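This is what each chain is made of:
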Amino acid sequence: MMDYESSSVSDSAKMESELIKDLHSQLDSLRNRVKELETQNAKLSALLSNCSCHKMEDNVNANAVYSAGEVEEMGKLKLGRNDGRRKNNSKGRVPGCDTRTLYHSSRRYVALKVMYFGQRFYGFASEAQMDPTVESEIFKALEKTRLIEGDKKKLQYSRCGRTDKGVSSVGQVISLFLRSNHKERGEFIGEESYEGELDYVRLLNRVLPNDIRVIGWSPAPIDFSARFSCLSREYKYLFWRENLNIMAMESAGKKLVGEHDFRNFCKMDAANVRNYRRHITLFEICPCSESFEGDHLLAMKIKGSAFLWHQVRCMVAVLFFIGEGLESPNVIDALLDIDKTQRKPQYKMAPEIPLVLQTCEFEGLKFMCSSDARQALQLHFKKECRNYKLQTAIFHEALLSCSLIENDDSALSFGTKKKAASHVPLMSRPTEPSYEERRTKLNAMGTQK
C-alpha cells in the first residue's frame, strides 16, 4: 500500500511540473506576442499621425460625380441600414477624417464662367433680401458636390458683375478656392497644373437648375479677383427694330463712348460711390438672327471698364427716347455735362429682361471644359431652345386665334378712350437730388445718430 501511494504522489508531482513548464512556455509566447503587437501599434500610430485621408478623398471624388437624385437615394439606403448603430460607428471614426469635411483636401484657386437666364431670379448676389438668387443656387451646388469648405471670406470669393433682378448672362465670372484632385497636401495647387483635375463643369452642371450652367473653368493666381482683375465688361441689350430711328440712336450712342461722369445715367448710391466717372470703349447696334412678322431683333453692344448701378438700362432708356423721335441726340451732351445738369431728370429705366452680361475680359485666363461636359452643355442648350420655341409657337397660335374673333365695339361706345400720355422733354422734367445734396443729407443723419 505504501509503495502504491508513493508512486501516485510521484506521478502527480511529475504532472504538475510538466503543467508548470507548459504554462511558462505559453506565458513566454504571449509576452513575445505582446511585444510584437506593441511594435506594430507604434508603427500604425506613426502612420495615423501622418494620415492625409487620401483614400477618403477619393471616395468623396467618386461620390461627387453622382447626380443629385442618385446621391439622395444612396443617402436614404445608408440611413436605413446604419440607423440602428449610428452611435457605435461614430465612436470608431478617426478624429479629423470625417468625409463630411475637407480640411485635409488640396485646394486651388479657380475662375468659373457662368451662364444664367435671369427671369426668375432676384438678381445675382445672394445679399439680396429675396430668394432665389443666382449666387445662392451656385453655392448650393458647390456644397452638394463638396467642392467648398468654409465661408466666402475663407474661400476668397469674388464676382465680376452684380447683375440686377431679371438680368441674364452668358459670360459672368466668379473666383474662389475649390477642392482639387491633386494630392499636394497642405499646399495650394499651382495655376499651371490642370491635367487630371476634377471636371468642375460636369460636376456642377449635374446639380444646378436648368437656367444656370457653368460653361468653363480656368486656373487663376491666388491674388486674382473676378471683380478688380476684370479689364472690361460687355453688355448686350436686345430689342425689336419696329419704327425706331436706328441711325439717330447710333449717333447718340457714340457720344457715350469715352470717359465721362455718368451720374445722370444711373441710380445714384451716394453712400457708397463717390466717383461717377466711367470709361465706355464701344457702342454699336448690330442685327440678331431672330425675326417676327417682318420685324427684326437688334442688339445694342456696350463695352466698358466698369459700370454704375443701373447705368446700362438708363442709357438704353434715353436712347429709346431718341429712336422714337421724342428727344434729340444732343440730350446726351446735356446729361453728360454735370456742371449744367447737376440733377438727374426723372425717367424710367429700360426693362431688365432684354439685358445680358455678354463677356468679362481678363488677362491670362484660359477657360476650358472637358469634351463630355461640352457635349452635355450643347445638348442642354438645344433642349432649352426647343422648349422656348414651343412656348413661342403656343403664343403665336393664340395670336392667330384672336384674328378669328369678331369685333364688337357697340358695348364700348359709351366709354372713354384712354389718351396716350404726352412726352415731357427730359430737360423739362422734375429732377432727383444732386450728389452734393444727397451727401449733405447723409452727413446730417450721421450727426444726429
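Keep in mind that what you see is a predicted model, and the values were worked out from it rather than measured. (Residues numbered from 1 in each chain as written. Predicted model: local features only at pLDDT ≥ 70, side-chain atom pairs only at ≥ 80, totals over all residues. Heavy atoms only, no water.)

A.B. asks: How should the pairing of strand 8 (residues 295–304) be read in this particular structure?
C.D. replies: Moving residue by residue along a regular strand, the side chains alternate between the two faces of the sheet. Across the 10 residues that make up strand 8, a large majority, eight, are buried. Of the strand pairs in this sheet, strand 5 (residues 232–240) and strand 8 are connected by eight bridges, and their pairing is antiparallel. Looking at the pairing, E234 lines up with K303 of strand 8. Taking the residues that link successive antiparallel strands as the turn, the strand 7 (residues 277–292)-strand 8 hairpin has two residues, and the phi of E293 there is positive, at about 50 degrees. (Buried < 20%, exposed > 50% of the residue type's maximum accessible area, 1.4 Å probe, protein only. Helix = DSSP H or I, 4+ residues; strand = E, 2+ residues; numbered from the N terminus. Pairing = 2+ DSSP bridges.)

A.B. asks: Looking at this structure, I do not really get the confidence of the model for the protein. What am I missing?
C.D. replies: Atom-level detail of predicted coordinates should not be read off regions where pLDDT is low. In this model, the protein carries an average pLDDT of 82, and 76% of its residues clear a pLDDT of 70 or more. The least confident element of the protein is helix 4 (residues 86–91), whose mean pLDDT is 41; the most confident is helix 9 (residues 311–323), at 98. Below a pLDDT of 50 lies the segment residues 52–103, which in the model reaches 48 contacts outside its immediate sequence neighbourhood of four places, other chains included. (pLDDT = per-residue confidence, 0-100. Contact = heavy atoms within 4.5 Å.)

A.B. asks: Which parts of the structure should I look at to understand the layout of surface pockets?
C.D. replies: One simple way to see leftover space: roll a probe sized like a water molecule over the atoms. When its volume is computed, the largest pocket comes out at roughly 1,600 Å³. Surrounding the largest pocket, 31 residues form its lining, F117, L238, E290, L297 and Y388 being those nearest its centre. Elements that contribute at least two residues to the lining of the largest pocket include exactly strand 1 (107–116), strand 3 (168–179), strand 5, strand 7, strand 9 (355–361) and helix 11 (371–402). In terms of residue count, helix 11 provides more of the lining of the largest pocket than any other element does, eight residues in total. Residues of the lining of the largest pocket, tallied by class, amount to 17 nonpolar, nine polar and five charged. (1 Å grid on protein atoms, 1.4 Å probe; cavity = no way out; pocket = protein on both sides within 12 Å on 5 of 7 lines; lining within 4 Å. Points joined across faces, edges and corners; volume = space filled by probe spheres on them. Nonpolar A, V, L, I, M, F, W, Y, C, P; charged D, E, K, R; others polar.)

A.B. asks: When you look at unusual backbone geometry in this model, what are you seeing that I'm missing?
C.D. replies: Comment: phi is negative for the bulk of residues other than glycine, and the bulk of peptide bonds are trans. Omega for the peptide link from D131 to P132 comes to 5 degrees, which places this bond in the cis form. Positive phi, close to 55 degrees, is recorded for Q156, a residue that is not glycine. Within the secondary structure, Q156 is located in the loop between helix 6 (152–155) and strand 2 (158–159). Given a relative accessible area of 32%, Q156 falls into the partly exposed group. Located in the positive-phi region is E293, a residue other than glycine, with phi close to 50 degrees. As for its position among the elements, E293 is in the loop between strand 7 and strand 8.

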